[in-house]
Amino acid sequence: MKLSQIISVIEERLPRGQAEDFDNVGLLCGNPERDITGILVCHDALESVVDEAIEKGLNLIVAFHPIIFSGLKSITGNNYVERAVMKAIENRIALYAIHTVWDNDYFGVNYRIAEELGLQNRKILMPKKNILKQLAVYVPPEYSEQVRQAVFKAGAGNIGFYDECSFSVPGSGTFRPLPGSDPFEGKEFVRENTDEQMLYFIFEDFKKPAVLRAMMEAHPYEEVAYQVFTLENEHSYMGLGCFGDLEKPMSEKEFLQMVKERFGLKVIRHSESGKGSIQRVGVLGGSGAGGIKAARANKCDAYLTGDVKYHDFFQSEGKMMICDIGHFESEQFVTQQLFELLSEKFPKFAISKSQENTNPVNYFL
């Protein structure tokens, strides 16, 4: 199977448009026309992971973190990034990164953390903004289903756990063909009145080219009348972090002990909650200090994340326990998640889970 075919399948499920603007996701190096012998899934595509791929005869590494994050001015092997990329290129191994595409996915990083904690009534902590569009298009009634199906196939009409969502309004339209036109019906210089339906669809902005192309191809008119609006609605099923409720309240000590056991932690850095009991919990895998205010606004009793700085702990304001469980530790389930997802998408293809522990942080106890 060619690399381009594999990427197409991956991005159908995990479109790059879900990523944060600052991120560097997708194909980092590799020829899209190269035949792929197998996939190695990992957390960080370090040099040791590239060595593992070479040893196993696999020539595509799908990593959570992008090994190339900011621009490279040279690749001479002077640092761990250059060494990994150089070895991958020399051995014809492609590198693909997912990162915040998976962070923002409803079933991604934070879904698994919430599963481990047994959180109920889950919602996205920081829903994506300015990503939803609405398409309104005028269609002859006899062609409305044809256009509707084409637009659905292009990815519009998905709302939460529902798809093929649309709305239609009947009406009457007018037009007058001018010289050079090739109208679906009517004569030059004669104003026509025709029955039409206005169809409405919601879609994410990164789907816009595909949605409009599908609409145009399915529509019978030479000139299609349509509008695209940017919605102020937040995306309730896409965004960073999530929060939910424990089945029963826990004392702070019980909660911390539970987290320590379920995540296999040696230590938890935390603030005091000021509440005495914990029930509503917010989570954000990775560097999540930016979600503290959102967790507090959603009345969380505790917030689990990584990379919390000294001054960030003060943001609890004595109203919420902030728990820094470690960057890698909060994302520790990612490799298994991506392995399961790719194994489902490519059931007859060689997919291996990296055995390398790429966590750079150690603890002396």
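Residues numbered from 1 in each chain as written. Predicted model: local features only at pLDDT ≥ 70, side-chain atom pairs only at ≥ 80, totals over all residues. Heavy atoms only, no water.

(A) Quick peek at the sheet that holds strand S6 (residues 132–139). The 4 strands are arranged S7-S8-S6-S9 in an open sheet whose pairing can be described as antiparallel. Where the open sheet ends on each side, the last strands, each with one partner, are strand S7 (167–175) and strand S9 (226–230). Averaged over all adjacent pairs, the angle separating strand axes in this sheet is 25°, with direction ignored. As paired elements, S6 and S9 share 5 bridges and run antiparallel to each other. If you follow Val137 over to S9, its bridge partner there is Tyr226. Running over the sheet, helix H6 (residues 144–153) touches S6, S7 and strand S8 (192–204) and is turned about 20° from S8. (Pairing = 2+ DSSP bridges. Helix = DSSP H or I, 4+ residues; strand = E, 2+ residues; numbered from the N terminus. Axes fitted to C-alpha atoms, helices over the stretch in contact; angles between N-to-C directions. Contact = heavy atoms within 4.5 Å.)

(B) Molecular detail of the side chain of His65. Tracing the sequence through the fold places His65 in strand S3 (residues 60–65). There is a polar contact of 3.1 Å between the side chain of His65 and the side chain of Glu331. Apart from the residues lying within four places of it in its own chain, the contact partners of His65 are His43, Asp44, Ala97, His99, His327 and Glu331. (Polar contact = N/O pair within 3.5 Å; in protein donor to acceptor, adjacent residues only side chain to side chain.)

(C) Region of interest: H6. Regarding H6, the residues found buried are Ser144, Val147, Arg148, Val151 and Phe152. Angularly, the buried residues of H6 cover 135° about the axis, an arc narrow enough to put them on a single face. Where the residues of H6 are buried, they touch S6, S7, S8 and helix H7 (208–218). Phi for Gly155, located one or two positions after H6, is positive at around 110°. (Buried < 20%, exposed > 50% of the residue type's maximum accessible area, 1.4 Å probe, protein only. Arc of directions from axis to C-beta.)

(D) Up close: the sheet that holds strand S2 (residues 39–44). Spatially, S1-S4-S3-S2-S15 is the arrangement adopted by the 5 strands of the open sheet, whose pairing is mixed. In this open sheet, the two edge strands, each paired with only one partner strand, are strand S1 (26–29) and strand S15 (351–353). Taking each pair of neighbouring strands and ignoring which way they run, the sheet shows an average axis angle of 30°. Across 5 bridges, S2 lies against S3 in parallel orientation.

(E) Layout of the side chain of Ser354. With respect to the secondary-structure elements, Ser354 resides in the segment after S15. Among the polar contacts made by the side chain of Ser354, one reaches the side chain of Glu52 at a distance of 2.7 Å. At 3.1 Å, the side chain of Ser354 and the backbone nitrogen of Glu356 are in polar contact. Dropping the residues within four chain positions of it, Ser354 is found in contact with Leu40, Val41, Cys42, Val49 and Glu52.

(F) Quick peek at the nonpolar core. Core analysis: the biggest nonpolar cluster contains 48 residues, and Ile39, Leu117, Phe255 and Leu304 have the highest contact counts within it. Those residues in contact with Leu117 that lie beyond four places of it in its chain are Leu246, Met258, Val259, Arg262, Phe263, Val281, Val283 and Leu304. The next biggest cluster of nonpolar side chains, apart from the first, holds 20 residues, and it includes Cys29, Leu58, Ile67 and Leu95. (Core = buried A, V, L, I, M, F, W, Y, C linked by side-chain atoms within 4.5 Å.)

(G) Looking closely at the pattern of salt bridges. Counting across every chain of the model gives 14 salt bridges. Arg16 is the salt-bridge partner of Glu11, the closest N and O atoms lying 3.1 Å from each other. Across the salt bridge formed by Arg112 and Glu116, the nearest N and O atoms sit 3.0 Å from each other. Within this pair, Arg112 and its partner Glu116 are both found in helix H5 (residues 109–117), separated by 4 residues, close to a single helical turn. Assessed through its relative accessible area of 22%, Arg112 is described here as partly exposed. Salt bridges sharing partners connect three or more residues here, namely Glu47, Asp51, Arg83 and Lys87. (Salt bridge = Lys/Arg side-chain N within 4 Å of Asp/Glu carboxyl O.)

(H) Focus on the packing of helix H2 (residues 47–56) against helix H3 (residues 80–90). Where H2 contacts H3, the two axes come as close as 8 Å, and the packing angle between them is 20°. In terms of orientation, H2 lies roughly parallel with respect to H3. Where H2 crosses over H3, the handedness of that crossing is left-handed. Judged by residue contacts, Glu47, Val50, Asp51 and Ile54 of H2 engage Arg83, Ala84, Lys87 and Ala88 from H3. Of the residues in the contact of H2 with H3, the class split is 4 nonpolar, no polar and 4 charged. (Parallel < 35°, antiparallel > 145°, perpendicular 65-115°, else oblique. Left-handed = near helix turned anticlockwise from the far one by under 90°. Nonpolar A, V, L, I, M, F, W, Y, C, P; charged D, E, K, R; others polar.)

(I) Seen up close, the pairing of strand S4 (residues 94–97). The two faces of S4 match: Ala94 and Tyr96 on one face and Leu95 and Ala97 on the other face are all buried. Relative to S4, S1 runs antiparallel, the two sharing 3 bridges. Along S4, the bridge assignment pairs Cys29 with Leu95. Two strands pair when backbone bridges link them, and S3 and S4 are joined in this way by 4 bridges, in the parallel orientation. Considered in S4, the bridge of Leu60 is made with Ala94. In terms of handedness, the path from S3 via H3 over to S4 forms a crossover that is right-handed. (Right-handed = clockwise from strand over helix to strand, strands pointing away.)

Function-wise, these values are silent; they only describe arrangement.
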